[in-house]
Structure formats: C-alpha cells, structure tokens
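In case you want the letters, here they are:
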Amino acid sequence: MLRAVTLDYWNTLFVDSYGAARERRRADCLRTELAAIGFNPPAGAIQEVLRDAFTYFEHVWHHEQRTPACAELIDHMLAVLHVRPPQEVVTRIVTTFEHLLLEIPPDPVPSLHAVVYDLASHYRLGVICDTGYSPGTVLRTLLRRVGILDAFSSLYFSNEGPYSKPHPYVFRTVLEQ
C-alpha cells in the first residue's frame, strides 16, 4: 500500500524562467564586490568564472554525489580569479548569491497549492531536492511563501545532508522519516 510520495523541487513544484536574470545579478555582485577592494578582472573573466563554477559543481555532483555549498563555489571562483578578499566581502557575496532566489523567485507550477494539498490528504509527502547556490533554508522560505510548507512531513535538501541524488542515502533517509 502506497503511504508516501516524494516530489522533486525543480520542475515539479517550481519552474524557473529567471536563471539568466539571477546569473546577471551574480556577475554584477561579484564584479562590484571585487572592484571595491581594487580587483578588476579582465573583460569576460566574471562570466568565465561563473561558467567554471558550474563545471566544478557538475564535477563534484557527479563524482562525489554531493552538491557543493554556495560558499565552496565562491571559494572556487575566487581561487580561479587568484584573489583573496577579506572574509566580510566573501560573506556578502555568498549571502547575495544564496538569497537571489528570494529576490527573483521561480514560479510555482500551475495549481500547485491544490495538487499538493490533495496529495497530502491521502499520503505523507516529502521533498527531495539537490540544491545549487540557494540552500534549503531559502528553498523552505519559498515553500512557505506559496503556502505549502506545512504539507510536507519530510524535506531533504542536499546542502544539509552528506549526499545528493541519486545516492541511496538520500532516499533511505526520507523513507525513514
């Protein structure tokens, strides 16, 4: 007997058409913060390092079955750029990157609220989500904003656990909950 259903976050609960806008804001943030400490990389270097960070993310995700946290991605970018800003600058960059999803949010799928609560009336629900720049705390905030957070009895965000999908640990953990 089916007692629980897990849902993915991206393209199941939310669809995102604004990734390019967030990427421009990330580039602006990085450029501005680095310029403020006197580091002005050559033209195109910021876009290149953002692409490189995605390649790094993909490598870690595929080979280590985990998702690097935003701070790890920022550290990677800064190492590639050969710059060591003060910690408060790094913290501002990380915070900006993590929270951009709240400023430029994805769209909930049509009828999200009705479908989720209909499912919740029959099954225990869980979310299993591999995170990117935005951690589980931010993704929970979006679930709360659209009014469905309380429908879920289990939430697994890869930045909060040791593994990402498809590692069996992820699914066993949610199943146990």
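Residues numbered from 1 in each chain as written. Predicted model: local features only at pLDDT ≥ 70, side-chain atom pairs only at ≥ 80, totals over all residues. Heavy atoms only, no water.

Q: Can you lay out the nonpolar core for me, pointing to particular residues and giving the numbers?
A: Ile74, Met77, Phe97 and Tyr133 are the most contacted members of the largest nonpolar core, which has 23 residues in total. At the level of elements, helix H1 (19-36), helix H2 (45-64), helix H3 (70-81) and helix H4 (87-103) are the ones that each hand at least two residues to this core. Once residues within four sequence positions are removed from consideration, Ile74 is found in contact with Val90, Ile93, Val94 and Phe97. Counting residues in hydrophobic clusters, the runner-up holds 22 residues, among them Leu102, Val109, Leu125 and Leu149. (Core = buried A, V, L, I, M, F, W, Y, C linked by side-chain atoms within 4.5 Å. Buried < 20%, exposed > 50% of the residue type's maximum accessible area, 1.4 Å probe, protein only. Helix = DSSP H or I, 4+ residues; strand = E, 2+ residues; numbered from the N terminus. Contact = heavy atoms within 4.5 Å.)

Q: Report on the side chain of Ser164, specifying residues and quantitative values.
A: The topology assignment puts Ser164 in the loop between strand E5 (152-157) and helix H7 (168-176). Polar contacts involving the side chain of Ser164 include one to the side chain of Trp61, which spans 3.4 Å. When neighbours within four sequence positions are excluded, Ser164 is seen to be in contact with Trp61, Gln65, Arg66, Thr67, Asp130, Ser158 and Val170. (Polar contact = N/O pair within 3.5 Å; in protein donor to acceptor, adjacent residues only side chain to side chain.)

Q: Give a detailed account of the packing of aromatic side chains, specifying residues and quantitative values.
A: All chains considered together, the criterion is met by 6 aromatic pairs. Ring plane angle 85° and centroid distance 5.2 Å describe the contact between Phe97 and Tyr133, whose orientation is recorded as edge-to-face. Taken together, the residues span a long stretch of sequence, with Phe97 in helix H4 and Tyr133 in the loop between strand E4 (124-129) and helix H6 (136-145) at a distance of 36 residues. When the ring centre of Phe97 is taken as origin, the NZ or CZ atom of Arg26, which lies over that ring, is 6.0 Å away. (Phe/Tyr/Trp six-rings, centres within 6.5 Å; stacked < 30°, edge-to-face > 60°. Lys NZ or Arg CZ within 6 Å of the ring centre and 35° of its normal.)

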